[in-house]
Amino acid sequence: MATTTQLNTQPLSSNTHKWVYLFNEGNAKMRDLLGGKGAGLSEMTNAGLPVPPGFTITTEACRAYLANGKRFPEGMWEQTLDALHKVEAETGKRLGDPQNPLLVSVRSGAKFSMPGMMDTILNLGLNSDTLQGLVKLTGNERFAYDAYRRFIQLFGRIVMGVEAKHFDSLLDKAKEEKGMKLDTDLSAEDLQKLVEQFKAVVQREAGRPFPDDPYEQLRLAIEAVFGSWNSPRAFAYRNAQDIPHDLGTAVNVVMMVFGNMGNDSGTGVAFTRNPASGEREMYGEFVVNAEGEDVVAGIRTPQKISQLQETMPEVYSRFGEIGQRLENHYRDMQDMEFTVERGKLYMLQTRSGKRTAAAAVKMAVEMEGEGLISKEEALQRVEPGHVVQLLLPRYDEGAKEQARNEGRLLAKGLNAAPGAATGRAIFTADKAAELGRNGEAVVLVREETNPEDVHGMIAAKGVLTARGGATSHAAVVARQFGKVCVAGAENGGLHVDDEAGYFTAGGRTVHEGEVISIDGTTGEVFLGPIALIEPKFEEEHDLITLLGWADEVRRLGVWANADYPRDASKAVAFGAEGIGLCRTEHMFFEEERLPLVRRMILSAAEGTRLLEALSAAREELEGVEEGRRAQAEEALQKAQEAADNSQAVQDYRDALAQLGEIQQGDFYGVLKAMEGKPTVIRLLDPPLHEFLPSHDELLVQTTEMRARGETESEEYRRKAQLLEIVSGMREQNPMLGLRGCRLGILYPAINEMQVRAILQASLQLLNEGLESHPEIMIPLVGHVNELKVVRDILEDVAREVVEEAGREVPYKFGTMIEVPRAALTAGQIAEYAEFFSYGTNDLTQTTYGYSRDDAEGKFLLQYVERGVLPENPFQVLDREGVGRLVKIGVDEGRKTRPDLKIGICGEHGGDPSSIQFCHQAGLDYVSCSPYRVPVARLAAAQAALAEVEKDK
């Protein structure tokens, strides 16, 4: 006979710490302590809804248990028994009573919903004695044995560590022997036999008998639920959802109600609104004559909740009333679990329901319209990630699952730029550009991309690389142009031979021209096409409404990084208030301009030397004494002749003049598209050698020509000369070499050409009666003197343009803060800068001492996975290091120039967490990819609003 051991049934003294709350002692505001489920059960109980009696053991008790070597905190077990006895008194049943047994469920319930991640045990309290009592009470022997075998199965797996397969195989065998498909087809005798078999399995696998003492069962079950907080799946889920690991789970002990007592019973899950579309309709499923585990495990095929109206109309009506009442009370869509026992409805859970991006936006806007929530609350209800999902092409999940089932999943890489792209795999940028211009959908596949691939990337639907990280060249450019990108897929089994035109993955070889599909949201690569869903911003009316509300409350401006008129127009359409970064080098990389750019570069060194000598001779003549004037005039004449007779000077001047005309057209288009909004244009930043042919390729070509005896040919001499120039420009660390303002100091004519082109384009617009507000950015300043030298040169150019025009041309000069010294000496730099723009990509590299591409490709992602770093600092701004430099720069810069305008234009400008920091640090605006402008608008509004805690 089973025994029932009670440790202590005496009432607790008033000074004992409270670990346990009856449902009528809690409320919805106690989520921290009672968990979401416990708080919901308490709130429903207090509202008079049909909730089975029960109690909650707090999250605080869980934390104490785990911290105390997995021992219950003092007084907790006694309080548990006291609460249990109160439930017994309320129900008239008693745990372990053979005549009138109380059976309970033991369920987890953390502060934030973690569906399926922790453990639940049903029918606790059954043993050979209480089983007979259950048979007598219900008059249903089959039901009683079914409840017992379910209990042994769950308890054996969760508490005693017996693998589920041992139980499943016995259950399947029992059905096979009877020629049956469903568990419900088994008879009482079949189930009685299974009970004995299950107990034998527990004895064999666990090495101890299944416990019959209900109090021991309860104690072990509570321990198991506490322990499931740290299960691998729960841990992984919290990581994915950014849920803290130190919250712990509550344990809810609830009187069992049974949905498997016949055709007047059932169980189900329903939402007060459609969680997929957001439509205002009851949405869910139920199963007649079943327990909740049947639904979760997929053992029984459920029916739509609307069909409950036909089978149990009174229950359906009551459930609908309760659902509406709960939604009105919580002012949010509710996810509800319920059981019907012999025609009586019981509510087992209510919580805010998970929802898709489309549903989240629709519900937020409609609930505001219904008066359920305010505009501010509506803004807090939508995650920035929801906006990303709505505005990017995405795959139909059903079609993607079918592709997996068909074995078409090839590899998985880094989800570097979200969205979905399907097209022919193409392995060269030139071919991708050609096919793209002809309207063909292509995916550019490369070992890794470089700046010369930009034209192919622009033409492609997406980019797939074997190497590189989330902020690699491929990823950054893809996000800039709204392209899908899966990067660094080498670790996921992808091997690319872009020269041969094929890649291998998933045991297959994919040749050029074959269709592939890449999912930049998940990093998956598929063979063949997958159905796409193409969103249109102008048709997302609820989102447009929501973002309008966001604009009303945010303080931060939202600008865009845009290099071309089409990007600027897209940014404006998405709500951008300016351009925070227009990168002029992208214009230089365009295919038809590259020969002209190379001509300029190849003549730059000699041309600059002769032109500087000519300038120096002129200055010498202006200040020379009368006695030395003839000598100075002769020197000037020689310098002039040298310049006039130099092919390098002629090439340099001609290339700059032609580029100046082209650039003026570029800047005119961008400034016009911005409709008078401020437009920050960065002067040429990258090292000049990036525009030249590859050193290694030239070396191979000249070596092969020498081997063939072709050293006297014109082609060899040309390539050998080019190799010599390229070799002279090579740098050990180009990122820290001759680029940015350093380039402007050594080759000032390039900057002068660009500034003249910017101001002449602006003047052209002004003469047309349009507004134009260019802001000229001098990049990579580390010392104030660098900025002073460059600005002095460029102010002369600006004055010349103004004098030639005979009218004022508005402009500003500022700088990009992207090295630590600039941030630390921002007070000095602000004397010569009217605005700061933080280039946090390079600022993160120079602060950490990490080469971005190398770090992400070699160790950075492992750092994050192993907890060395909390997050990838190139994706989420490092507040303690990089952020501190930003704050120092803001404070010091504004001490010198109180009206200093400050923004951020690095990749972090589109990251919600980083945007929150920018708001707190007092920046004026953030600038991001045009496609992330809507995300930034929402994130900036959320940063401005008071913190409202949301269910993760």
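Residues numbered from 1 in each chain as written. Predicted model: local features only at pLDDT ≥ 70, side-chain atom pairs only at ≥ 80, totals over all residues. Heavy atoms only, no water.

Peer 1: Describe in detail the overall build of the protein chain, supporting the description with residues and values.
Peer 2: Tallying secondary structure elements over the protein chain gives 38 helices and 31 strands in all. Expressed as a percentage of the 952 residues in the protein chain, the buried residues total 55%. Total accessible area computed for the protein chain in this model is approximately 39900 Å², and 47% of it derives from carbon and sulfur atoms. The distance from the centre of the 105 positive side-chain charges to the centre of the 144 negative ones in the protein chain is 4 Å. (Helix = DSSP H or I, 4+ residues; strand = E, 2+ residues; numbered from the N terminus. Buried < 20%, exposed > 50% of the residue type's maximum accessible area, 1.4 Å probe, protein only. Areas by Shrake-Rupley, 256 points an atom, 1.4 Å probe, with all protein chains shown as cover. Lys, Arg positive; Asp, Glu negative; His and termini not counted. Charge placed at Lys NZ, Arg CZ, Asp CG, Glu CD.)

Peer 1: Outline the packing of helix α20 (residues 541-553) against helix α38 (residues 933-944), listing residues and values.
Peer 2: With their axes 8 Å apart at the nearest point, α20 and α38 run at an angle of 45 degrees to one another. Viewed along their axes, α20 and α38 adopt a mutual orientation that is oblique. Note that α20 runs across α38; the crossing there is left-handed. Contacts from Leu546, Leu547, Gly548, Ala550, Asp551 and Val553 in α20 reach Pro934, Arg937, Leu938, Ala941 and Ala944 in α38. Its residues placed into classes, the contact of α20 with α38 shows 8 nonpolar, 1 polar and 2 charged. (Axes fitted to C-alpha atoms, helices over the stretch in contact; angles between N-to-C directions. Parallel < 35°, antiparallel > 145°, perpendicular 65-115°, else oblique. Left-handed = near helix turned anticlockwise from the far one by under 90°. Contact = heavy atoms within 4.5 Å. Nonpolar A, V, L, I, M, F, W, Y, C, P; charged D, E, K, R; others polar.)

Peer 1: Account for the packing of aromatic side chains, with residues named and values stated.
Peer 2: For the coordinates displayed, the defined rule picks out 19 aromatic pairs. Here the aromatic rings of Tyr65 and Phe226 are separated by 5.2 Å at their centres, their planes lie at 40 degrees, and the arrangement is tilted. One end of the pair, Tyr65, is in helix α2 (residues 59-67); the other, Phe226, is in helix α8 (residues 214-228), with 161 residues separating them in the sequence. There is no split in this pair, since Tyr65 and Phe226 are both buried. Ring centres of Phe574 and Tyr931 lie 5.8 Å apart, and the angle between their planes is 65 degrees; on these two criteria the pair is classed as edge-to-face. Taken together, the positions of Phe574 in the loop between α21 (565-573) and β25 (579-583) and Tyr931 in the loop between β31 (925-928) and α38 put the pair 357 residues apart, joining distant regions of the chain. Owing to a relative accessible area of 29%, Tyr931 belongs among the partly exposed residues under this scheme. Among the aromatic residues, those joined into a cluster by ring pairs are Tyr65, Phe72, Trp77 and Phe226. Geometry around Tyr21 places Lys18 over its ring, the cationic atom sitting 4.7 Å from the centre. Above the plane of the ring of Tyr564 lies Arg566, whose end atom (NZ or CZ) is 4.5 Å from the centre. (Phe/Tyr/Trp six-rings, centres within 6.5 Å; stacked < 30°, edge-to-face > 60°. Lys NZ or Arg CZ within 6 Å of the ring centre and 35° of its normal.)

Peer 1: An account of helix α5 (residues 141-158) is needed here, citing residue identities and associated values.
Peer 2: With 18 residues, α5 should cover 26 Å at 1.5 Å per step; its first-to-last C-alpha distance of 26 Å lies within 8% of that length. The element α5 is largely enclosed, with a buried count of 15 among its 18 residues. By the N-cap criterion, in which a side-chain oxygen at the helix start approaches the backbone nitrogen of a residue two or three places on, α5 is capped by Asn140, the distance to Arg142 being 3.3 Å. (Expected span 1.5 Å × (residues − 1). Polar contact = N/O pair within 3.5 Å; in protein donor to acceptor, adjacent residues only side chain to side chain.)

Peer 1: Break down a negative patch on the surface for me, citing the residues and quoting the values.
Peer 2: Taken together, the side chains of Asp168, Asp172, Glu176 and Glu177 present a region of like negative charge at the surface. Of note, Glu176 is situated in helix α6 (residues 164-178). (Patch = residues over 30% accessible without salt bridge, like charges linked within 9 Å, V, L, I, M, F, W, Y side chains within 5 Å. Salt bridge = Lys/Arg side-chain N within 4 Å of Asp/Glu carboxyl O.)

Peer 1: Can you break down the environment of Pro912 residue by residue, with the values?
Peer 2: Within the secondary structure, Pro912 is located in helix α37 (residues 912-921). Look at Pro912 and you get partly exposed, because its relative accessible area is 26%. Distance in space between the C-alpha atoms of Pro912 and Leu527 is 33 Å, their sequence separation being 385 residues. When residues no more than four places from it in sequence are discounted, the contact partners of Pro912 are Pro384, Arg932, Val935 and Ala939.

Peer 1: An account of the side chain of Ser42 is needed here, citing residue identities and associated values.
Peer 2: Within the element layout of this structure, Ser42 appears in helix α1 (residues 31-46). A relative accessible area of 1% places Ser42 in the buried class. At 3.0 Å, the side chain of Ser42 forms a polar contact with the backbone oxygen of Phe23. If we skip the residues at most four places from it in the chain, Ser42 touches Leu22, Phe23, Gly26, Asn27 and Leu34.

Peer 1: Give a description of unusual backbone geometry that names residues and reports values.
Peer 2: In this model, Lys70 sits at a positive phi of 60 degrees, which is unusual for a non-glycine residue. Relative to the assigned elements, Lys70 resides in the loop between α2 and α3 (76-91). Overall, the relative accessible area of 54% leaves Lys70 in the exposed class. For Arg342, which is not a glycine, the phi torsion comes out positive at approximately 50 degrees. Within the secondary structure, Arg342 is located in the loop between β9 (334-341) and β10 (344-352).

Peer 1: Summarise the sheet that holds strand β8 (residues 303-304); cite the residues concerned and give the values.
Peer 2: Spatially, β8-β7-β6-β9-β10 is the arrangement adopted by the 5 strands of the open sheet, whose pairing is antiparallel. Of all the strands in the sheet, the pair left with one neighbour each is β8 and β10. Note that strand β6 (residues 266-271) and β9 share 6 bridges and pair antiparallel. What sits directly across from Ala270, in β9, is Met336. (Pairing = 2+ DSSP bridges.)

Peer 1: Tell me about the side chain of Ser603, residues and numbers included.
Peer 2: Note on placement: Ser603 falls in helix α23 (residues 594-623). Of the polar contacts made by the side chain of Ser603, one reaches the backbone oxygen of Arg599; its length is 2.9 Å. In this structure the side chain of Ser603 is engaged in a polar contact, spanning 3.3 Å, whose partner is the backbone nitrogen of Tyr652. Each residue touching Ser603, except ones within four places of it in the same chain, is listed here: Thr608, Ala648, Asp651 and Tyr652.

Peer 1: Please give an account of the pattern of salt bridges that cites residues and values.
Peer 2: Tallied over the full model, the rule gives 56 salt bridges. The partner of Arg107 in a salt bridge is Glu337, with the nearest N and O atoms 3.9 Å apart. With Arg107 in strand β3 (residues 104-110) and Glu337 in strand β9, this pair connects stretches of sequence that are 230 residues apart. Judged by its relative accessible area of 16%, Arg107 falls in the buried class. For the salt bridge of Arg682 with Asp685, the shortest nitrogen-to-oxygen distance reads 3.8 Å. Like Asp685, Arg682 is buried. Overlapping salt bridges bring together Glu397, Lys400, Glu401, Arg404, Asp519 and Glu524 as one network.

Peer 1: How would you sum up the sheet that holds strand β15 (residues 442-446)? Please name residues and give values.
Peer 2: Strands sit in the order β12-β22-β21-β14-β15-β16-β17-β13 across an open sheet of 8 strands; the sheet is mixed. A single partner strand is all that each edge strand has here, and the edge strands are β12 (409-412) and β13 (414-417). With strand direction ignored, the average angle separating the axes of adjacent strands in the sheet is 30 degrees. Looking at chain direction, β15 and strand β16 (residues 462-465) are connected through 4 bridges and run parallel. Bridging from a neighbouring strand, Arg446 pairs with Thr465 of β16. Packed onto the sheet, helix α16 (residues 397-405) meets β12, β21 (515-519) and β22 (524-527) and runs at close to 70 degrees relative to β22.

Peer 1: For the pairing of β16, give the residues involved together with the corresponding values.
Peer 2: Of the two faces of β16, both are covered, the one formed by Gly462 and Leu464 as well as the one formed by Val463 and Thr465. Inspection of the sheet shows β16 paired to strand β17 (residues 484-487) by 3 bridges, in the parallel sense. Considered in β17, the bridge of Val463 is made with Cys485.

Peer 1: Got a sec to walk through the pairing of strand β2 (residues 54-57)? Specific residues and values, please.
Peer 2: Of the two faces of β2, the one holding Gly54 and Thr56 and the one holding Phe55 and Ile57 are both buried throughout. In this structure, β2 lies alongside strand β5 (residues 249-255), joined through 4 bridges in antiparallel fashion. The residue bridging Ile57 from the neighbouring strand is Val251, located in β5.

Function-wise, these values are silent; they only describe arrangement.
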